[in-house]
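What follows is the residue order along each chain.
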Amino acid sequence: MTTAVTDTDAQQPDPEERPDAGTPEPAGSGGDPFDRDQLPAPPGAPLRLLRSLLRPERRLVVLASVLLLLQQAAIQAGPLLVAIAIDSGVPAALDGDHGPLITVAVLYAVAGGASGVLVYAFYRTLGRACQGVLRDLRGRIYRQAQALSLDFHDRYTSGRMISRSTSDVLALRELLDEGVQTLMTVFVSIVYITGLLLYMDLGLGVATMASFVPLYLLVRSYRRRAGAMFTRRSTAIATVIVKFNETLNGIRPVKAFRRERANDARFDELNSEHCRLNGGTILEMARFVVLSRLTANVTLAAIVLWSAYRVADGDLELGVLAAAALYVRRLYDPIDRFAMILNAYASASASLTKIAGLLAQRPELAEPAEPKELPERPADAPGREVVFDTVRFAYRTGGEVLPTFDLTLAAGQTTAVVGATGAGKSTLAKLLARFYDPTDGRVLLDGVDLRDLANPELRRGVVMVTQEAFLFSGTVAENIALGRPDAPRAEIEAAARAIGAHEFIEALPDGYDTDVRKRGGRISAGQRQLVSFARVLLADPAVVILDEATSSLDIPGERAVQHAMETVLRDRTALVIAHRLSTVEVADRVLVMDAGRVVEDGPPAELIAGTGRFAALHSAWRESLV
Ligand SMILES: Nc1ncnc2c1ncn2[C@@H]1O[C@H](COP(=O)(O)OP(=O)(O)OP(=O)(O)O)[C@@H](O)[C@H]1O
């Protein structure tokens, strides 16, 4: 994949968009899935994703399960010991034999202590496994974000991507941090308690099991009602994040056009929608808590009453009644937390579905299975030949931009491309940089199709410098060495010197080691361009594509950039989207584009001497300079 040495796209505001807050459609229900917050994923993808995330942590999960089984065995022994104390210990003590009662008391204390230690070990072990899952998931989303093509990003927008890696991962974290532990504990305790009740008294065990039926129905209805709400809530929060991100990305136009009030109003609307949906989920939860508590209390009362009559009839021992009351209470105790867990589960499963949809996208610009090598070239060879061979291209979301395009750029030649806005200049450059693949035809570098080149080979071959030189966090030296991170300092400095950036870099607080994002490391637009040119010089690609900045710099700044640009273009094949007369004048060849076609092509002097569009453009340019 071609390296964009400087990247403006990351800073461009997203197009205005509104991912259907509150009205989610199921995936695959027609229309462009990119208009919705949820991309379609193959059936069962969320579950497969979860399994694949858990697989590397399976040892920890098994260990945690064993610890939980032991801990629950210890804690659930309590009521049984109480029953033994009441039914055997107390009568023996009344007869003067205190042994059984003391033994039971000691066992109770030991079980309590062991349960404490085991629960700590269980939380620690499962916590480690969950952290591993989340780390893996964040890594996958990040790698996927980088792997997917520009075409994907144009449509998906960075706000949604951020929402996937923040609020959606957070939803999963909430489930994993607490929910899973509670869920496992509840499940194991149900098994133990039911088993113990059945062991102590068959009738009690069966009655308790029967009481699960209404609870199960309640849980099922809650899940059904809350599930849809959670999907809508998670879409609504994604919309809030998208809006926030868009405003921050476009903070300059926001200020320039005084959009603050209008943005506030729109943000309030989205924020309120999220709050409304959040309120709805809370109400659902309250309903569930009330109904489930009612069911639990009625069941408990019924079981105690029935058991009391059986004790009175001599059919049941008093100790067993006490133990049964304790067990049934324990059984229903986590019911409140259960609602929270179900919430966390619904929220996490909505998020997991969205993440699975994103991860299911296949990068369109895949690396070739059998990459080809570029032909050897002498060290002093001036670049490589570029051929657009019957290329046609249409963006996914628009009509054809380049209808059947043929063009050869000779090795070492600098070609300036000019033309009206929307003529297709940037599209041409992006095809050469392999940000996109042609819809039809081929782009060849020294006779090799760009699609057949492995990423490192392509990176050595073609580099594109976009308009606003983007600096990544890190030092100036690291920024220059972006295309060759292992370059020695001497070479980094040599590149900076050749470009004319050395002096200003030396004048920074820490010279080449100045962090560009820290105080004192602020670098002007012209200086950023010089750094990005030094980057290209150090990466030394055979072909360089330059999208010249339209913003005018001051005259000394412009001269410095012009000089640096000439250094970068020397001895390579260059395609420059030119906005300055001085650039066009140093080119070997000028292409005038109109509606995706080359309408004039020739050396600048020849075109200027003619009567075509470039001659007219050129004289208008000259007049504007006078
Ligand atoms: N990501 C995209 N998705 C859909 N259509 C696009 C996309 N980018 C550009 N286009 C369309 O392709 C056509 C050519 O655009 P392109 O950016 O190549 O023109 P340009 O000559 O570079 O214009 P400018 O000088 O304004 O940058 C335009 O009609 C534009 O609307």
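Residues numbered from 1 in each chain as written. Predicted model: local features only at pLDDT ≥ 70, side-chain atom pairs only at ≥ 80, totals over all residues. Heavy atoms only, no water.

**Observations concerning the overall build of the chain**
Okay, so step 1: Helix and strand content of the chain: 20 helices and eleven strands.
Okay, so step 2: Rg of the C-alpha trace for the chain: 35 Å, well past the compact-globule value of 25 Å for 626 residues, more than 25% over.
Okay, so step 3: Projected onto its principal axes, the C-alpha coordinates of the chain cover approximately 120 × 50 × 50 Å.
Okay, so step 4: Split into buried and exposed, the 626 residues of the chain put 48% on the buried side.
Okay, so step 5: Contacts spanning at least 24 positions in sequence make up 77% of the contacts within the chain whose residues lie at least 6 apart.
Okay, so step 6: Split by element, the accessible area of the chain, about 30400 Å² in all, is 58% carbon and sulfur.
Okay, so step 7: Side chains of the chain give 68 positive and 74 negative charges; the mean places of these two sets differ by 4 Å. (Helix = DSSP H or I, 4+ residues; strand = E, 2+ residues; numbered from the N terminus. Rg over C-alpha atoms; globule rule 2.2 N^0.38 Å. Buried < 20%, exposed > 50% of the residue type's maximum accessible area, 1.4 Å probe, protein only. Contact = heavy atoms within 4.5 Å. Areas by Shrake-Rupley, 256 points an atom, 1.4 Å probe, with all protein chains shown as cover. Lys, Arg positive; Asp, Glu negative; His and termini not counted. Charge placed at Lys NZ, Arg CZ, Asp CG, Glu CD.)

**Re the environment of Gln562**
Okay, so step 1: The topology assignment puts Gln562 in helix α17 (residues 555-569).
Okay, so step 2: Given a relative accessible area of 11%, Gln562 falls into the buried group.
Okay, so step 3: Sequence-wise, Gln562 and Ile499 are 63 residues apart; in three dimensions their C-alpha atoms are separated by 9.9 Å.
Okay, so step 4: Non-local contacts of Gln562, meaning those with residues more than four positions away in its chain, are made with Arg580, Ser582, Thr583 and Val586.

**Regarding the side chain of Ser351**
Okay, so step 1: Relative to the assigned elements, Ser351 resides in helix α10 (residues 335-359).
Okay, so step 2: Looking at Ser351, the relative accessible area reads 2%, which means it is buried.
Okay, so step 3: Ser351 has contacts with Asp168 and Ala171, leaving out every residue within four places of it along the chain.

**A closer look at the sheet that holds strand β2 (residues 386-394)**
Okay, so step 1: If you walk across this open sheet you meet the four strands as β3-β2-β5-β6, and the pairing is antiparallel. Each edge of the open sheet is held by one strand with a lone partner, namely β3 (400-409) and β6 (448-449).
Okay, so step 2: Helix α11 (residues 425-432) contacts β2, β3 and β5 (440-445) of the sheet and is inclined by roughly 120° relative to β2. (Pairing = 2+ DSSP bridges. Axes fitted to C-alpha atoms, helices over the stretch in contact; angles between N-to-C directions.)

**Looking at the domain arrangement of the chain**
Okay, so step 1: Here the chain is described as being made up of domain 1 (41-359) and domain 2 (386-625).
Okay, so step 2: Centre-to-centre, using C-alpha coordinates, domain 1 lies 55 Å away from domain 2.
Okay, so step 3: Facing the four residues of domain 1 at the interface are four residues of domain 2.
Okay, so step 4: Between domain 1 and domain 2 the total buried area reaches about 460 Å² when both faces are included, carbon and sulfur atoms providing 57% of it. (Domains from an automatic or database assignment. Buried area = accessible area lost by both parts, 1.4 Å probe.)

**A few points about empty space enclosed by the protein**
Okay, so step 1: Tallying each qualifying case throughout the model produces two cavities of 30 Å³ or more.
Okay, so step 2: Around the second largest cavity, the lining residues are Leu431, Arg434, Tyr436, Asp437, Pro438, Val443, Asp449, Leu450 and Arg451.
Okay, so step 3: Considered class by class, the residues forming the lining of the second largest cavity number five nonpolar, no polar and four charged. (1 Å grid on protein atoms, 1.4 Å probe; cavity = no way out; pocket = protein on both sides within 12 Å on 5 of 7 lines; lining within 4 Å. Points joined across faces, edges and corners; volume = space filled by probe spheres on them. Nonpolar A, V, L, I, M, F, W, Y, C, P; charged D, E, K, R; others polar.)

**Structural notes on the packing of helix α6 (residues 202-249) against helix α9 (residues 318-332)**
Okay, so step 1: The contact between α6 and α9 brings their axes to 12 Å, and the two run at 20°. Relative to α9, the element α6 is oriented roughly parallel. Crossing of α6 against α9: the hand is right-handed. Here Leu204, Thr208, Ser211, Phe212 and Leu215 of α6 lie close against α9, whose contacting residues are Val320, Ala324, Val328, Leu331 and Tyr332. (Parallel < 35°, antiparallel > 145°, perpendicular 65-115°, else oblique. Left-handed = near helix turned anticlockwise from the far one by under 90°.)

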